[in-house]
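For reference, the chains in residue letters:
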Amino acid sequence: RTIASRADLIILVQSSNSAVTKVSDEVFALLRENNRNVPVCLLHNVFDAAFWRGDEQKKAAVAEQMEYAVARIKEMGFNLDARNAYAVNLGMVWDWRDRQYVSDPQILQKAVEVFAHVEQEMYDVLLTQRDSIRVRNVIGRTLQQMEHLMVHVDEKLSEKKNDLWSSDLIGSNTVTPPLLVV
């Protein structure tokens, strides 16, 4: 809860194997409750297991999964700019960095280049927008707290009104209840 309320950027990593799910929904509910104005970056981890399919079919499947995730995240009321949705094979990046490849490291190089670009983009978002993100977050949190406070005030006013109506003084039809102005 503390981390959710102090985030400057939400990075959602999803996989080809498990796109946005109910668990993601629970995490987003926590984030939305505490920090709905934070920008979101979607990092789709391409799990390339369908080696028998053509490249175009694989790209289309990833694009479909990303479109769904972007739509769901926006539907939940989060600030996701489609330009901040990326697809990269993180397994290839890890293997390249860990030097875990059989022969030609160039096979993994494209994934590494894409990841380097994604890292730089996220860094740029944080660097160039940090102050405005924090101001939006403070304003957003303040508005959320005001909403919670208004619900609480409304509940208390309703209780008081019910107490007044049920009391002996106002129980008769001859007394007009006091006017409450909020």
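Residue numbers here run from 1 along each chain, matching the order of that chain's written sequence. Totals for whole chains, interfaces and linings use every residue, but because this is a predicted model, local features are given only for residues with pLDDT of at least 70 and side-chain atom pairs only at 80 or more, for both listing and counting. In computing side-chain properties, one takes all heavy atoms of the structure into account and sets aside hydrogens as well as water.

Visitor: Residue-level account of the sheet that holds strand S1 (residues 10-15), with values.
Guide: Paired strands are those between which DSSP finds at least two bridges. What counts as a helix is a DSSP run of H or I of at least four residues, what counts as a strand is a run of E of at least two, and both are numbered from the N terminus. If you trace the three strands from one edge of the open sheet to the other, you get S1-S2-S3, paired in parallel fashion. Of all the strands in the sheet, the pair left with one neighbour each is S1 and strand S3 (85-88). Neighbour-to-neighbour, the strand axes of this sheet turn through a mean angle of 20 degrees, independent of strand direction. Sheet analysis places strand S2 (residues 40-45) next to S3, joined by four bridges and oriented parallel. Following the sheet pairing, His44 is matched in S3 by Ala87. The strands that helix H3 (residues 55-75) touches are S1, S2 and S3; relative to S2, the one it contacts most, it runs at about 155 degrees. Fitted lines through C-alpha atoms give the axes, limited to the stretch in contact for helices. The angle between two N-to-C directions lies from 0 to 180 degrees. Note on contacts: a residue pair is in contact if any heavy atoms of the two residues lie within 4.5 Å.

Visitor: Explain the environment of Arg72 to me, using residue names and the numbers behind them.
Guide: Structurally, the position occupied by Arg72 is in helix H3. Throughout this description, buried means an accessible area under 20% of the type-specific maximum (1.4 Å probe, protein chains only), exposed means over 50%, and partly exposed covers the range between. Arg72 gets classed as buried once you look at its relative accessible area, which sits at 19%. Linking Arg72 and Asp25, residues 47 residues apart in sequence, is a C-alpha distance of 9.2 Å.

Visitor: Can you tell me about helix H4 (residues 90-97), naming the residues and giving the values?
Guide: Regarding H4, its N-cap is Asn89, as a side-chain oxygen of that residue lies 3.0 Å from the backbone nitrogen of Gly91 further along. Once H4 ends, the next one or two residues include Arg99, with phi positive near 55 degrees. Between N or O atoms, a polar contact is any pair within 3.5 Å; within protein, one atom must be a potential hydrogen donor and the other a potential acceptor, and residues adjacent in sequence are included only when both atoms are from side chains.

Visitor: Can you explain the nonpolar core? Please cite residues and give values.
Guide: Ile10, Phe28, Leu31, Val40, Leu42, Ile73 and Phe78 are the most contacted members of the largest nonpolar core, which totals 18 residues. Residue assignment for this core shows that the elements contributing at least two residues are S1, helix H2 (22-35), S2 and H3. The element that contributes the greatest number of residues to this core is H3, accounting for five residues. By nonpolar core is meant a set of buried Ala, Val, Leu, Ile, Met, Phe, Trp, Tyr and Cys residues that side-chain atoms within 4.5 Å join together. In this structure, Tyr86, Val88, Val93 and Met122 belong to the second largest nonpolar core, which totals 11 residues.

Visitor: Requested: an account of the confidence of the model for the protein chain, with residues and values cited.
Guide: The score called pLDDT rates the predictor's confidence residue by residue, from a low of 0 to a high of 100. Chain-level statistics for the protein chain give a pLDDT mean of 78 and a share of 82% at 70 or above. When mean pLDDT is compared element by element in the protein chain, S3 scores highest at 88, while helix H6 (residues 168-171) scores lowest at 54.

Visitor: Which residues make up the packing of H4 against helix H5 (residues 106-166), and what are the values?
Guide: Running from N to C, H4 and H5 cross one another at 100 degrees; their axes reach a closest spacing of 8 Å. As the angle between them shows, H4 and H5 are arranged roughly perpendicular. The residues of H5 that touch H4, namely those facing Leu90, Met92, Val93, Asp95, Trp96 and Arg97, are Leu108, Gln109, Ala111, Val112, Phe115 and Glu119. Gly is placed with the polar residues, together with every amino acid not listed as nonpolar (Ala, Val, Leu, Ile, Met, Phe, Trp, Tyr, Cys and Pro) or charged (Asp, Glu, Lys and Arg). Each residue belonging to the contact of H4 with H5 can be placed in one class, and the counts come to eight nonpolar, one polar and three charged. Relative orientations are named as follows: roughly parallel for angles under 35 degrees, roughly antiparallel for angles over 145 degrees, roughly perpendicular for angles from 65 to 115 degrees, and oblique for any other angle.

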